There are 2 protein chains.
Amino acid sequence: MENTYLNEKDFKLLLNELNAYRETLTLAQWDMRTKIPRKAVAQRTEVVGFLADKQHQLETSEKMKFFIDVLKDKTEDPIIQKIVEECEENYERNRKIPNNEYKDYVMLQSKSEAIWQEAREKDDFSLFQPYLEELVDYNKRFADYWGYEDNVYDALLHTYEPGMTTKTLDNVFPKLRDSLSKLVDRIQRSTDKPDATILKGHFPKENQKSFTIEILRQMGYDFESGRLDDTIHPFAISLNLNDVRITTRYDEEDFRMAVFGTIHEGGHALYEQNISKKLANTPLATGTSMGIHESQSLFWENFVGRSKDFWANHFELFKSYAPKHLQTIDRNDFYRAINEVKPSLIRIEADELTYSLHIMIRYELEKALINGEIKVKDLPRLWNEKMVDYLGIEPPTDREGVLQDIHWAGGDFGYFPSYALGYMYAAQFNHFLSREMNVGELIAEGNFTKIGQWMTDNIHQYGKTKKPLEIIKNVTNEPLNQKYLIDYLTTKYTDIYNL
Amino acid sequence: MENTYLNEKDFKLLLNELNAYRETLTLAQWDMRTKIPRKAVAQRTEVVGFLADKQHQLETSEKMKFFIDVLKDKTEDPIIQKIVEECEENYERNRKIPNNEYKDYVMLQSKSEAIWQEAREKDDFSLFQPYLEELVDYNKRFADYWGYEDNVYDALLHTYEPGMTTKTLDNVFPKLRDSLSKLVDRIQRSTDKPDATILKGHFPKENQKSFTIEILRQMGYDFESGRLDDTIHPFAISLNLNDVRITTRYDEEDFRMAVFGTIHEGGHALYEQNISKKLANTPLATGTSMGIHESQSLFWENFVGRSKDFWANHFELFKSYAPKHLQTIDRNDFYRAINEVKPSLIRIEADELTYSLHIMIRYELEKALINGEIKVKDLPRLWNEKMVDYLGIEPPTDREGVLQDIHWAGGDFGYFPSYALGYMYAAQFNHFLSREMNVGELIAEGNFTKIGQWMTDNIHQYGKTKKPLEIIKNVTNEPLNQKYLIDYLTTKYTDIYNL
């Protein structure tokens, strides 16, 4: 007993050390994406590589193994038990990758992100191609090290969505795609379409920023535990539970980019800010999976931010920041316009109906890449073909095609499915949330407290102590079910397009 | 020979590791002073403490001792020889401080800086007092660990200005003070004083910023190797030779704060950006002392930025950014106004004549604190008394008195004299620079290239490979001499005040 207590104390010292490397590494990456001067990138990749190596060494150290062995199933503290399980999973996965290989990989990631930015600016895929080839090779090797049952891609999926398999996705995704396609078809044939051109026009960045900051505050985002910066590709990043930063991108000719983008990242940030402080500075102090994380950002962005009820309350506030051309618009026309369905080139600008079709393209391509069925050099062509097949449009440049997302540049294969899963989770949560309270009425009142509290009580507070499938099961009493998303979209867009 | 080569290679790996901690620590501190959300400060002090501890451990490691022993006086590479000497000095100084004590001290520093900010905002010295007492105690103990010949304060001075002694300062400073006093007296009696009220009035921050950015570019500051941010207390900080960041503070009612403050920090930054790339990522890749560093910032701020020649060229550019009330001012009136001599409360807002009197106060107080002749709790009273004695004015609040500077909050005792030394060095450099080129004419042409190159050739490039007294000797062929500063100020202010 005494021994376990001493071991737990020493284990916490090791966790603090791990945590210091994690926070530092995250800060170095945040700075690299938002603030770093151009010529400092090369040296920073060295530093990031060094820190990641230190973290990796600790995670796979004999010391870590010692604590796993002496504490697992022996501690009486349920949180420590969960931490040990998490550390064990990390230990097992990490020690399968040789230290040097991992270090080189992290430096490649940093370098690739910088090169991707340049390739994107210059619209030149060939700059990025050799880096992407290396990243794919690393990921295939890692998947082999980690092992899998059915499909090599499962090993990568596991990183982002523990328990999820290619088999499940290949069952769910086509159903979702069929339903979406039918709905998009009906919408295309509608004779009463919204007019989104009424939204266009110059909207000064500072005004957009002030409005989104007010919305973030209403959502419950704590600016004393976070901050908002500018970047090319918006993201949310957690240095610790009291330092959850978000970034956004402003298009002065189209406010939708920043407004809905900021609400989206704010949804991610709320998840991290509301994790139980009991888990602070442990490996459990983060969201349980990318899919569940995305359910939170998408819930706020779409189920709240693009809802009729939200604008019932917020349209006047919005107009107080908006330029002249938005002052005379009818509220219902505005609501229909911001929900216009239109096949488009850029994923993060896509409407909520076609969005998942963008995900299908990425999922199919990366699954095929990892399975060795296609080559990196063919990606631009294959990307464009699928765009034509699923969305009926062809990207005129790679910048608006295969180069648009940062994920692959960061080596994040297996991540994209999370977005579509996030949609399904969000709809499923929304359905069960609506059983407990009148969600529409609360949103219409601009009262987000009870909704936020429900998310914290059911999802946020647990951090990584509950696995994604466990959360879905506990909250909704059934497994993942695509029907809620299909029902939600059908109802919403039948109304908007008068189908 | 072969052995030395292998040892040098391994030594460089150790230096890279040290360097990674240094860059990371610097980034964490920059972020803490410019970007961090309030609630994240406590956790960050832990992280900073952890990183500083790691760095300290490496600097005092057996491994380091090994490389010092096998490489010192044995390597044929003169740069490695200098690095080893620097590492040895660090090793000897650091190993005298127990690891735990040093770690606690670094955390105290971070915490104290945050508390100082709060105390300053609330104008409440008592919040800060217990932290300052602890900081003084630590520094007295450190000075004892390090040792000294004449005065305990010498051990601290050495940190910032190697080779400088209390004895020298007690000889030079009174002479400077007497001369300054006489000159200030004559100025007070002048019947032809400049009118600085013509400068006051609203000057939008964004315009001030655009003007100062243009000046920074002209000075040769490389924005691809640095960036400019907002902060309460302006500073320059070097993450590495390609990432030298500066901060500034804008007062929309008085442009002088940002304009001269930015030129000042720009001068510091030029020093770091122009250190030879051969020294990159070694402990020699930084300025050789605080005094020499300050000579660079003060040279640019005063000898360039506040000179008649500078405004001969830049007044029209300035007016293109300036608001209406500055458009009709006569250039000579403007020049005289920005050089108004007026005893004031805030050091960083002081004119170049009274500035050194602010330094005398700080020097005398911190020397007495470290020698145990006065107590922390008496500081506000003693500060105010000296302000009355030397400058004839009394701070109405501690915020405008003893709480105004960050230095003591960071534990930087022995730092303040560098500012007065910097003035004297700058005047001495300026005198010898003027022998080689027509400095006034170049400034009047807005041509800073040759001046910058002279600074790089004679000072910047060497980083820490030459000691401060060595640089002074090499460049000016004589030791430190206060006469150049006194001559410069007398000539300049005799003209401005028609004495």
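A quick note: this is a predicted structure, and the numbers were derived from the prediction, not measured.

(A) Examining the overall build of chain A more closely. Of regular secondary structure, chain A possesses 20 helices and 3 strands. Expressed as a percentage of its 499 residues, the buried residues of chain A come to 59%. Summed over its atoms, the accessible surface of chain A is roughly 19,800 Å², and 46% of this surface lies on carbon and sulfur atoms. Of note, chain A has its 63 positive side-chain charges centred 1 Å away from the centre of its 81 negative side-chain charges.

(B) A look at the domain arrangement of chain A. Residue and element names in this part refer to chain A. Domain annotation for chain A reports domain 1 (2-95) and domain 2 (166-496). Counting residues at the interface gives 16 residues for domain 1 and 21 residues for domain 2. Of all residues in domain 1, W30, R33 and E86 bury the most surface against domain 2, accounting for 33% of the area lost on that side. Applying the counting rule to domain 1 against domain 2 returns 2 salt bridges. Here K35 and D229 are joined by a salt bridge, their closest N and O atoms 2.7 Å apart. Counting across the interface, domain 1 meets domain 2 through 6 residue pairs in polar contact (both at pLDDT 80 or more). Counting only elements with at least two residues in the side of domain 1 that touches domain 2, the list comes to α1 (2-34) and α4 (78-95). Broken down by element, the residue count for the side of domain 1 that touches domain 2 peaks at 9 residues, all from α1. Of the residues assigned to the side of domain 1 that touches domain 2, the class counts are 6 nonpolar, 3 polar and 7 charged.

(C) Focus on the relation of the copies chain B and chain A. For the match of chain B to chain A, the screw axis carries a shift of 0.0 Å, the RMSD comes to 0.0 Å, and the turn is 180 degrees. When the rotation and shift are considered jointly, the pair of chain copies conforms to a two-fold rotation axis. Of the C-alpha atoms belonging to chain B, the one lying closest to the rotation axis is found on T24 of chain B, 3.5 Å away. In this assembly, 100% of the residues forming the interface of chain B have copies in chain A that are likewise at the interface, indicating an isologous arrangement.

(D) Inspection of unusual backbone geometry at higher detail. One non-glycine residue, D73 of chain A, lies in positive phi territory at about 65 degrees. Given a relative accessible area of 60%, D73 of chain A falls into the exposed group.

(E) Quick look at helix α20 (residues 483-496) of chain A. Residues and elements named next belong to chain A. Relative to the 20 Å expected for 14 residues at 1.5 Å per residue, α20 spans 20 Å between its end C-alpha atoms, a close match to the ideal helical length. Contacts from the buried residues of α20 go to α8 (166-189), α11 (290-304), α13 (331-338) and α16 (417-436). Backbone geometry just after α20 places N498 at a positive phi near 45 degrees.

(F) Fine view of the environment of Q188 of chain B. All names here are of chain B. Examined against the element boundaries, Q188 turns out to sit in helix α8 (residues 166-189). Overall, Q188 belongs to the partly exposed group, its relative accessible area being 41%. Sequence separation of Q188 and Y497 is 309 residues, and the distance between their C-alpha atoms is 9.3 Å. Residues in contact with Q188, not counting those within four places in the same chain, are K193 and P343.

(G) Spotlight on the interface of chain B and chain A. At the interface, 35 residues of chain B touch 35 residues of chain A. Between chain B and chain A, a total of about 2,800 Å² is buried, with carbon and sulfur atoms accounting for 52% of that surface. Taken together, the links from chain B to chain A amount to 12 salt bridges. Counting across the chain B and chain A interface gives 19 residue pairs in polar contact (both at pLDDT 80 or more). Contributing elements (two or more residues each) for the side of chain B that touches chain A: α1 (2-34), α2 (41-59), β2 (236-240) and β3 (243-248) of chain B. The element contributing the most residues to the side of chain B that touches chain A is α1 of chain B, with 11 residues. The residue makeup of the side of chain B that touches chain A, split by class, is 13 nonpolar, 9 polar and 13 charged.

(H) Inspection of the sheet that holds strand β3 (residues 243-248) of chain A at higher detail. All names here are of chain A. A sheet is described by the order of its strands in space; here 3 strands give the open sequence β1-β3-β2, paired in mixed fashion. Two strands lie at the open edges of the sheet, namely β1 (228-230) and β2 (236-240), each paired on one side alone. This sheet shows a mean twist of 30 degrees between the axes of neighbouring strands, independent of strand direction. By the bridge criterion, 4 bridges tie β2 to β3 in an arrangement that is antiparallel. Opposite A236, over in β3, you have I246 as the bridge partner.

(I) Here's a closer look at the nonpolar core. Ranked by internal contacts, the top residues of the largest apolar core, which has 201 residues, are F11 of chain A together with F11 and F318 of chain B. The contacts of F318 of chain B, once residues within four sequence positions are left out, are F203, F211, F255, W311, L326 and F334 of chain B. In this structure, V152, V184, Y250 and V475 of chain A belong to the second largest nonpolar core, which totals 124 residues.

(J) Focus on the side chain of K492 of chain B. With respect to the helices and strands, K492 of chain B occurs in helix α20 (residues 483-496). If we ignore the near neighbours within four places in the chain, the residues touching K492 of chain B are N302, R306, Y335, N339 and E352 of chain B.

(K) Layout of the sheet that holds β2 of chain B. Residue and element names in this part refer to chain B. Taken in spatial order, the 3 strands make up an open sheet running β1-β3-β2, and their pairing is mixed. A single partner strand is all that each edge strand has here, and the edge strands are β1 (228-230) and β2. In this sheet, adjacent strand axes meet at a mean angle of 30 degrees when their direction is disregarded. Strands β1, β2 and β3 of the sheet are contacted by helix α10 (residues 256-273), whose axis makes an angle of about 165 degrees with β3.

(L) Quick look at the packing of aromatic side chains. All names here are of chain B. The tally for this structure, following the rule as stated, stands at 80 aromatic pairs over all chains. If you follow R245 out to its NZ or CZ, it ends over the ring of W30, 4.4 Å from the centre. Above the plane of the ring of F260 lies R306, whose end atom (NZ or CZ) is 4.1 Å from the centre.

(M) Broad picture of α4 of chain A. For α4 of chain A, with 18 residues, the first-to-last C-alpha span of 25 Å sits near the 26 Å given by 1.5 Å per residue. Within α4 of chain A, the full set of buried residues consists of I80, Q81, I83, V84, E86, C87, Y91, R93 and N94 of chain A.

(N) Structural view of the pattern of salt bridges. Per the stated rule, a full pass over the model turns up 67 salt bridges over all chains. For R362 of chain A, the salt bridge goes to D405 of chain A, with nearest N and O atoms at 2.6 Å. Residue R362 of chain A is found in helix α14 (residues 355-370), and its partner D405 of chain A is found in the loop between α15 (379-391) and α16; the two are separated by 43 residues along the sequence. Judged by relative accessible area, which is 0%, R362 of chain A ranks as buried. Classification of D405 of chain A by relative accessible area gives buried; the value is 7%. A salt bridge links D378 of chain B to K377 of chain B; the nearest nitrogen and oxygen atoms lie 3.6 Å apart. Among the charged side chains, a network of salt bridges with common partners joins E23, D243 and R245 of chain A together with D31 and R44 of chain B.

(O) Region of interest: the environment of N438 of chain B. Residue and element names in this part refer to chain B. Following the sequence through the fold, N438 ends up in the loop between α16 (417-436) and α17 (439-444). Judged by relative accessible area, which is 46%, N438 ranks as partly exposed. Through-space distance from the C-alpha of N438 to that of V244 is 30 Å; in sequence the pair is 194 residues apart.

(P) Representation of the packing of α8 of chain A against α20 of chain A within the structure. All names here are of chain A. It is the contact of α8 with α20, at a shortest axis distance of 11 Å, that shows an interaxial angle of 5 degrees. With respect to α20, the element α8 is oriented roughly parallel. Of the residues in α20, those touching α8 at L176, S179, L180, L183, R186 and I187 are L485, I486, L489, T490, Y493 and T494. Of the residues assigned to the contact of α8 with α20, the class counts are 8 nonpolar, 3 polar and 1 charged.

(Q) Representation of the environment of L489 of chain A in the model. The residue L489 of chain A is located in helix α20 in this model. Separated by 222 residues in sequence, L489 of chain A and G267 of chain A place their C-alpha atoms 20 Å apart.

(R) Highlighting the pairing of β3 of chain A. A large share of β3 of chain A lies buried, amounting to 6 of its 6 residues. On β3 of chain A, burial covers both faces: D243, R245 and T247 of chain A on one face and V244, I246 and T248 of chain A on the other are all buried.

(S) Expanded view of the side chain of R93 of chain B. All names here are of chain B. Along the chain, the position of R93 falls in helix α4 (residues 78-95). One buried charged residue, R93, forms no salt bridge at all, with the nearest opposite charge on E89 at 4.8 Å. Those residues in contact with R93 that lie beyond four places of it in its chain are W146, A155, H158 and T159.

Thresholds, definitions, all that
Residues numbered from 1 in each chain as written. Chains lettered and ligands numbered in written order. Predicted model: local features only at pLDDT ≥ 70, side-chain atom pairs only at ≥ 80, totals over all residues. Heavy atoms only, no water. Helix = DSSP H or I, 4+ residues; strand = E, 2+ residues; numbered from the N terminus. Buried < 20%, exposed > 50% of the residue type's maximum accessible area, 1.4 Å probe, protein only. Areas by Shrake-Rupley, 256 points an atom, 1.4 Å probe, with all protein chains shown as cover. Lys, Arg positive; Asp, Glu negative; His and termini not counted. Charge placed at Lys NZ, Arg CZ, Asp CG, Glu CD. Domains from an automatic or database assignment. Contact = heavy atoms within 4.5 Å. Buried area = accessible area lost by both parts, 1.4 Å probe. Salt bridge = Lys/Arg side-chain N within 4 Å of Asp/Glu carboxyl O. Polar contact = N/O pair within 3.5 Å; in protein donor to acceptor, adjacent residues only side chain to side chain. Nonpolar A, V, L, I, M, F, W, Y, C, P; charged D, E, K, R; others polar. Least-squares fit on C-alpha atoms with pLDDT ≥ 70 in both. Expected span 1.5 Å × (residues − 1). Pairing = 2+ DSSP bridges. Axes fitted to C-alpha atoms, helices over the stretch in contact; angles between N-to-C directions. Core = buried A, V, L, I, M, F, W, Y, C linked by side-chain atoms within 4.5 Å. Phe/Tyr/Trp six-rings, centres within 6.5 Å; stacked < 30°, edge-to-face > 60°. Lys NZ or Arg CZ within 6 Å of the ring centre and 35° of its normal. Parallel < 35°, antiparallel > 145°, perpendicular 65-115°, else oblique.

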